Amino acid sequence: MISILRGTVASVGLDHIDIVVGGIGFRVHVTPAFAQGASRDQEMTVFTSMIVREDSMTLYGFESADERDVFTKLLSVSGIGPKIALAALAVLRPDDLRRAVRDQDLTALQRIPGVGKKSAQRMALEIGDKLGTPAALPGGETAAAPAPTEDAVASEVSAALVGLGWSEAQAAKAIEKLAGNGLGASDMLRAALVTLGGGRG
């Protein structure tokens, strides 16, 4: 099991980085925000989770061990696979996920691309207190997630659309039509899907 990689970033994509460790290159799937923060030739430590299936071995990468542990626990929810678990961490920080699960905040959980009301209910029910309690601010309030920038939202939605089978060009065209509307990631993804009309080229 590969749990940590430390090496040099060879290339950066919308939702992945290629990192060279000891002369061997590893492709690691990450959130769009993580990818945006990485640069070629940068020395980087990545906490990883390796998903092994009959026909593939895939690495998912995180900035902290906490994010990796949250990702692993999300996979225990029926119907939640690696793509949705990674999308959850693209939209919500670990403590925000803890708060949403603790408070049964289905609205917050439904911000995650691919998670509807039933999936959000399953997530809240099946995870329970497995994620632990969120850290509190000095005043006793849980820290709120910073609002994502428009560029970060567009990158996140683009990665989600490409993952669903559209080309990068099709995703970019759909997102361009929605730019400047102040939409969050889940709303923009829904609107882009309507714009694309279900056709994959």
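Structure shown above.
Just so it is clear, the model here is predicted, and its values are computed rather than measured.

A. View of the sheet that holds strand S4 (residues 43-53). Reading around the barrel, the five strands line up as S1-S2-S3-S5-S4 and close back on themselves, with mixed pairing between neighbours. Strand-to-strand twist across the sheet, computed as the mean angle between neighbouring axes with direction ignored, equals 55 degrees. Of the strands in this sheet, strand S1 (4-12), S4 and strand S5 (56-62) touch helix H2 (residues 65-74), which is tilted by about 15 degrees from S4. Most of the contacts of helix H3 (residues 82-91) go to S5, to which it runs at about 10 degrees, and overall it touches strand S3 (24-29), S4 and S5.

B. Highlighting the environment of Leu5. Checked against the element boundaries, Leu5 lands in strand S1. Owing to a relative accessible area of 5%, Leu5 belongs among the buried residues under this scheme. Expressed as a C-alpha distance, the spacing of Leu5 and Thr48, which sit 43 residues apart in the sequence, is 7.1 Å. The residues contacting Leu5, other than those within four sequence positions of it, are Ile19, Val21, Phe26, Val28, Met44, Thr45, Val46, Thr48 and Leu59.

C. Examining the pairing of S4 more closely. Across five bridges, S1 lies against S4 in antiparallel orientation. Each bridged residue has a counterpart across the sheet, and for Thr8 the counterpart in S4 is Glu43. Where S4 and S5 come together, seven bridges link them in antiparallel fashion. Considered in S5, the bridge of Ile51 is made with Thr58. Linking S4 to S5, which pair antiparallel, is a turn of two residues.

D. Looking closely at the side chain of Arg98. You can see Arg98 is positioned in helix H4 (residues 94-102). Looking at Arg98, the relative accessible area reads 10%, which means it is buried. There is a polar contact of 2.5 Å between the side chain of Arg98 and the side chain of Asp66. Within the structure, the side chain of Arg98 is placed 2.8 Å from the side chain of Asp95, a separation counted as a polar contact. Excluding residues that lie within four positions of it along the chain, Arg98 makes contacts with Asp66, Val70, Leu131, Gly132, Thr133 and Pro134.

E. Region of the structure containing H2. All of the buried residues along H2 are Glu67, Arg68, Val70, Phe71 and Leu74. Across the axial projection of H2, the buried residues extend over an arc of 160 degrees, all falling on one side. On the buried face of H2, the contacting elements are S1, S4, S5, H3, H4 and helix H6 (117-127).

F. Seen up close, the packing of aromatic side chains. One pass over the full model with this rule turns up two aromatic pairs. When the centroid spacing of 5.3 Å and the interplanar angle of 35 degrees are considered together, the rings of Tyr60 and Phe71 count as tilted. Of this pair, Tyr60 sits in strand S5 while Phe71 sits in helix H2, and the two are eleven residues apart along the sequence. The exposure class of Phe71 is buried, given its relative accessible area of 0%. With 4.9 Å between their ring centres and 45 degrees between their planes, Phe62 and Phe71 make a pair best called tilted. By the burial criterion, Phe62 is buried, and Phe71 matches it. Put simply, the rings of Tyr60, Phe62 and Phe71 pair up and form one aromatic cluster.

G. Main features of the packing of H2 against H4. Between H2 and H4, the shortest axis-to-axis distance is 10 Å and the interhelical angle comes to 40 degrees. The angle between the axes of H2 and H4 places the two elements in the oblique class. From H2, Asp66, Glu67, Val70 and Leu74 reach across to H4, where they touch Pro94, Leu97 and Arg98. Here the contact of H2 with H4 is composed, by residue class, of four nonpolar, no polar and three charged.

H. Representation of the environment of Ala87. Mapped onto the fold, Ala87 is located in helix H3. Residues Ala87 and Pro32 lie 55 residues apart in sequence; the distance between their C-alpha atoms is 9.2 Å. Setting aside anything within four residues of it in sequence, one finds Ala87 in contact with Ile112 and Pro113.

Calculation notes
- Residues numbered from 1 in each chain as written.
- Predicted model: local features only at pLDDT ≥ 70, side-chain atom pairs only at ≥ 80, totals over all residues.
- Heavy atoms only, no water.
- Pairing = 2+ DSSP bridges.
- Helix = DSSP H or I, 4+ residues; strand = E, 2+ residues; numbered from the N terminus.
- Axes fitted to C-alpha atoms, helices over the stretch in contact; angles between N-to-C directions.
- Contact = heavy atoms within 4.5 Å.
- Buried < 20%, exposed > 50% of the residue type's maximum accessible area, 1.4 Å probe, protein only.
- Polar contact = N/O pair within 3.5 Å; in protein donor to acceptor, adjacent residues only side chain to side chain.
- Arc of directions from axis to C-beta.
- Phe/Tyr/Trp six-rings, centres within 6.5 Å; stacked < 30°, edge-to-face > 60°.
- Parallel < 35°, antiparallel > 145°, perpendicular 65-115°, else oblique.
- Nonpolar A, V, L, I, M, F, W, Y, C, P; charged D, E, K, R; others polar.

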